[in-house]
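Understanding the architecture of this molecule
For reference, the chains in residue letters:
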Amino acid sequence: MDWSMGGYGFYVWGSYFFAALAIGLELFSLSRRKRSCAQNVNKDDRGKITEAKSSYVAQA
Amino acid sequence: MNLYKYASPVNFYPLAGKMIPWFAIPAALLFVIGLYVGFFVAPTDAQQGDAYRIMFIHVPAAWMGMLLYVLMAIYAGVGWAFNARLSSMMASSIATTGAMFTFISLVTGSFWGKPTWGTWWVWDARMTSTLILLFLYIGFLSLQASIDDPRRADRAGAVLALVGVINVPIIYFSVQWWNTLHQGATIRILNKPTIAPKMLAAMLIMLAACWLYSVAVVLVRLRCTIVEREQNAARFAEAGT
C-alpha cells in the first residue's frame, strides 16, 4: 500500500481521521452517560429496571 | 414466546443488554476487515487514483444517515400513534448516531470533493439535501431537549421526524432529478453494480460494520434513556405532578 495515497494522503487520511474522531467522541460521550446511568440504577436491582419503577410512568 | 412483552421498556432493558455484545464485537471485526480490504486488497482507481478510497467511509456513512432517519421516523411515528414508550425512546436513541453519520458523510464528502472537483463544497442538490438532513436531526434532538415532559417531547419530535422523512427520497433521487456535480448511484437494486467487485466488497463490509455499530450504540443509549426516563417518571410521581 502506498501510504501517501498517490499524493492524496491528506484527503484520504484526513477523512478517516475525522470519521474515527467522530465515532470516538460518540463512544466517549456514551460511556460517560452510561456510567452516570449505572450510578442511578438502584444497587439492589442493578442490571434491570423493576416493574415498580415502570409503573410510575402510568401515574406521571 | 410472547414477543409483545418486549414492547415494555422494563422487559426490553435486560434483553438489550444481552444483545449489545452480539453487535459490538462483529462491528469491530468488520471495521478491521473492511479497512484491510479497502486499503490493501482493493485496487487503485484508474481515474481518481487512491482518493476514491474515501468512498469506503463516505458511502456507508451517507447510507446510514438516511437509513437511520427513516428508522427514527418509523419508531417516532409508532410511538406517537400507539403511545408506545419504547418506540419513542428508540427514536430518541437513534437520532444522535444518525446525526453523527450524516455529519461524517458531509465532511468526508468535502475531503473527497476537493481533490476530484477542486472545491470543498458546492450547493449541489445531493449535498444541500444531505445538509438539510443534518439540520433535521439537530432539530429533532434540540426539540426533544427543549421540552421537559418526555411524552410531549416525543410527540413534537415525531411530527418533525415524520415531516422530515420526505427529505430522504429527495436525497436519494437528487442525482437523477437534477443535474448535479455529485456522481450517480454506483449500486442499483435491479442493475449490475458499476464498480469493481473488490471495491464493492470493501464498501459492503464497511456498511455492515457501520450498521452493526449503530445497533450496538443505539441499544446502549436506549438502556440509558430507559433508566433516565423511568427515574424521572418516578420523581414526577413523587412530586405529585
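Residues numbered from 1 in each chain as written. Chains lettered and ligands numbered in written order. Predicted model: local features only at pLDDT ≥ 70, side-chain atom pairs only at ≥ 80, totals over all residues.

The helix and strand tally for chain B stands at seven helices and zero strands. Element order for chain B, N to C, with α for helix and β for strand: α-α-α-α-α-α-α. A principal-axis box enclosing the C-alpha atoms of chain B has dimensions of 70 × 35 × 30 Å. Across the 241 residues in chain B, those meeting the buried criterion constitute 44%. (Helix = DSSP H or I, 4+ residues; strand = E, 2+ residues; numbered from the N terminus. Buried ≥ 20, exposed ≤ 12 C-beta atoms within 10 Å, placed from the backbone.)

Once that is clear, we can look at the overall build of chain A. For chain A, the count of helices and strands is two helices and zero strands. Buried residues in chain A amount to 18% of all 60 residues.

Glancing now at helix 4 (residues 125–146) of chain B. End to end, helix 4 of chain B covers 31 Å across 22 residues, agreeing with the expected 32 Å (1.5 Å per residue, within 8%). In the core, the buried residues of helix 4 of chain B are packed alongside helix 2 (55–82), helix 3 (85–117), helix 5 (150–164) and helix 6 (167–177) of chain B. (Expected span 1.5 Å × (residues − 1). Contact = placed C-beta atoms within 7 Å.)

Another point: helix 1 (residues 9–40) of chain A. Structurally, the α-helix is built with 3.6 residues per turn, so residues lying three or four positions apart point the same way. An ideal rise of 1.5 Å per residue puts 46 Å on 32 residues; helix 1 of chain A measures up with 46 Å between its terminal C-alpha atoms. When helix 1 of chain A is considered as a whole, its buried residues turn out to be A:Tyr11, A:Val12, A:Ser15, A:Ala19 and A:Ile23. Where helix 1 of chain A is buried, its residues contact helix 2 and helix 3 of chain B.

Moving on to the nonpolar core. All names here are of chain B. Residues Ile-54, Met-72, Met-206 and Ala-209 are the most contacted members of the largest nonpolar core, which totals 72 residues. Looking at this core element by element, the count peaks at 18 residues for helix 7 (residues 197–239). Those residues within four positions of Met-72 in sequence are excluded, and the remaining contacts are Ala-91, Ile-94, Ala-95, Gly-98 and Ala-161. (Core = buried A, V, L, I, M, F, W, Y, C linked by C-beta atoms within 7 Å.)

What follows deals with the environment of B:Val227. Locating B:Val227 in the fold gives a position in helix 7. Each C-alpha atom of the pair B:Val227 and B:Asp45 lies 49 Å from the other, and the pair is 182 residues apart in sequence.

On to unusual backbone geometry. Of note in this structure, A:Met5 is not a glycine but carries a positive phi near 55°. As for its position among the elements, A:Met5 is in the segment before helix 1. Under the C-beta neighbour-count criterion, A:Met5 is labelled buried, with 21 such atoms within 10 Å. Within the chain, B:Asn83 stands out as a residue other than glycine whose phi angle is a positive 55°. Topologically, B:Asn83 is positioned in the loop between helix 2 and helix 3.

All names here are of chain B. Put simply, helix 4 and helix 5 touch, their axes get as near as 9 Å, and they point 170° apart. Here helix 4 is positioned roughly antiparallel relative to helix 5, judged by the angle of their axes. Contacts between helix 4 and helix 5 involve Leu-136, Gly-139, Phe-140, Leu-143 and Gln-144 from the former and Ala-153, Ala-156, Gly-157, Leu-160, Ala-161 and Gly-164 from the latter. Residue composition of the contact of helix 4 with helix 5, by class: seven nonpolar, four polar and no charged. (Axes fitted to C-alpha atoms, helices over the stretch in contact; angles between N-to-C directions. Parallel < 35°, antiparallel > 145°, perpendicular 65-115°, else oblique. Nonpolar A, V, L, I, M, F, W, Y, C, P; charged D, E, K, R; others polar.)

Here we take up the environment of B:Trp121. All names here are of chain B. Assignment of secondary structure puts Trp-121 in the loop between helix 3 and helix 4. In this structure Trp-121 comes out as partly exposed when scored by C-beta crowding, with 14 C-beta atoms within 10 Å. Those residues in contact with Trp-121 that sit more than four places away from it in its chain are Ser-110, Gly-113 and Met-127.

Taken over all residues, the pLDDT of chain B has a mean of 91, while the share at 70 or more is 93%. Across the predicted assembly, pTM comes out at 0.88 and ipTM at 0.88. (pLDDT = per-residue confidence, 0-100.)

Further remarks concern the packing of helix 2 of chain B against helix 5 of chain B. Residue and element names in this part refer to chain B. At a minimum axis distance of 8 Å, the contact between helix 2 and helix 5 shows a crossing angle of 135°. If you check the angle between helix 2 and helix 5, you find them oblique. Where helix 2 crosses over helix 5, the handedness of that crossing is left-handed. In this structure, helix 2 uses Met-72, Ala-73, Ala-76, Gly-77, Gly-79 and Trp-80 to contact helix 5, whose residues at the interface are Asp-154, Arg-155, Gly-157, Ala-158, Ala-161 and Leu-162. Its residues assigned to classes, the contact of helix 2 with helix 5 shows seven nonpolar, three polar and two charged. (Left-handed = near helix turned anticlockwise from the far one by under 90°.)

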